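If you want the building blocks of each chain, they are given just below.
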Amino acid sequence: MKKINVSVLVIALAMATTACNNAAEGTHNEAGHEMHEHEGHEHSGNMEDHEADVETTMAKTSLDAAMVTSITTDYLAVKDALVNDDAEGAKAAAAKMQSVLTGTEDELGKKLLFDAEHISGTTEIGHQRDHFEVLTKNVVALNTQVKTGQDLYIQHCPMAFDGKGADWVSNSKDVFNPYFGEKMLKCGRVQKKI
């Protein structure tokens, strides 16, 4: 009986590891994240509308390379904090990004500011990760439009957000997952270089 239980455990662990590394769009996982309700923090709009806005229009930017480098450096600090399950660190890094973007009239800058404000406005890590997903889409758009000479890689976790999957940007090919942190640190793969 013990051999059967151990065998079932080994098979389940192997399936979970394989699913993480090879899952396709539409795969569902109970370990994914969902939108979080939270007190003391109001959205100035619907998160789903915000995400749809990011996906349907590629906002243009007039930000210069120095500003893009600064924003990207702050973004990478947010990512690293989320990798380490450090909500306070993510809050501080997002606040730094927020201070750089405050007062911008740039279309893409305003979108980045929206998510930086939400990440810096809470220590609820699930909510931070929700906004990090959209922040990532805008950081990709920013670095696609303005080349800074940084080596940046889009990485993807197929298990994030209940199997919907989510991307992040890294300055290394090594995978460290900001959506799961220690729970699934290495879940993901490099999609492409920006």
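Residues numbered from 1 in each chain as written. Predicted model: local features only at pLDDT ≥ 70, side-chain atom pairs only at ≥ 80, totals over all residues. Heavy atoms only, no water.

A. Focus on the packing of helix α3 (residues 65–83) against helix α4 (residues 87–101). At a minimum axis separation of 7 Å, α3 and α4 run at an interaxial angle of 165 degrees. Classified by the angle their axes make, α3 and α4 are roughly antiparallel. In this structure, α3 crosses over α4, and the sense of that crossing is left-handed. Only Gly89, Ala90, Ala93, Ala94, Lys96, Met97, Val100 and Leu101 of α4 make contact with α3, whose side of the interface consists of Met67, Ser70, Ile71, Asp74, Tyr75, Ala77, Val78, Ala81 and Leu82. In terms of residue class, the contact of α3 with α4 is made up of 13 nonpolar, two polar and two charged. (Axes fitted to C-alpha atoms, helices over the stretch in contact; angles between N-to-C directions. Helix = DSSP H or I, 4+ residues; strand = E, 2+ residues; numbered from the N terminus. Parallel < 35°, antiparallel > 145°, perpendicular 65-115°, else oblique. Left-handed = near helix turned anticlockwise from the far one by under 90°. Contact = heavy atoms within 4.5 Å. Nonpolar A, V, L, I, M, F, W, Y, C, P; charged D, E, K, R; others polar.)

B. Structural view of the sheet that holds strand β3 (residues 189–193). Read from one edge to the other, the open sheet built from three strands follows the order β2-β1-β3, with strand pairing classed as antiparallel. Because the sheet does not close on itself, it has two edges, and the strands there are β2 (166–170) and β3. The average angle at which neighbouring strand axes cross in this sheet is 30 degrees, direction not considered. With five bridges connecting them, strand β1 (residues 153–157) and β2 associate as antiparallel partners. Note on β2: the bridge partner recorded for His156 is Asp167. In this fold helix α6 (residues 125–145) packs onto β1 and β2, with an angle of close to 55 degrees to the strand it touches most, β2. (Pairing = 2+ DSSP bridges.)

C. Highlighting the packing of aromatic side chains. Counting across every chain of the model gives four aromatic pairs. Judged by centre distance (5.0 Å) and plane angle (10 degrees), the ring pair of Tyr75 and Phe132 falls under stacked. Of this pair, Tyr75 sits in helix α3 while Phe132 sits in helix α6, and the two are 57 residues apart along the sequence. Taking the relative accessible area as the measure of exposure, Tyr75 reaches 0% and is therefore buried. Accessibility expressed as a relative area gives 0% for Phe132, which makes it buried. Where Trp168 meets Tyr179, the ring centres are 6.1 Å apart and the plane angle is 65 degrees; that geometry is what we call edge-to-face. Pair noted here: Trp168 is in strand β2 and Tyr179 is in the loop between β2 and β3, with a separation of 11 residues, a long-range link. A cation sits over an aromatic face here: Lys164 above Phe161, 5.7 Å from the ring centre. (Phe/Tyr/Trp six-rings, centres within 6.5 Å; stacked < 30°, edge-to-face > 60°. Buried < 20%, exposed > 50% of the residue type's maximum accessible area, 1.4 Å probe, protein only. Lys NZ or Arg CZ within 6 Å of the ring centre and 35° of its normal.)

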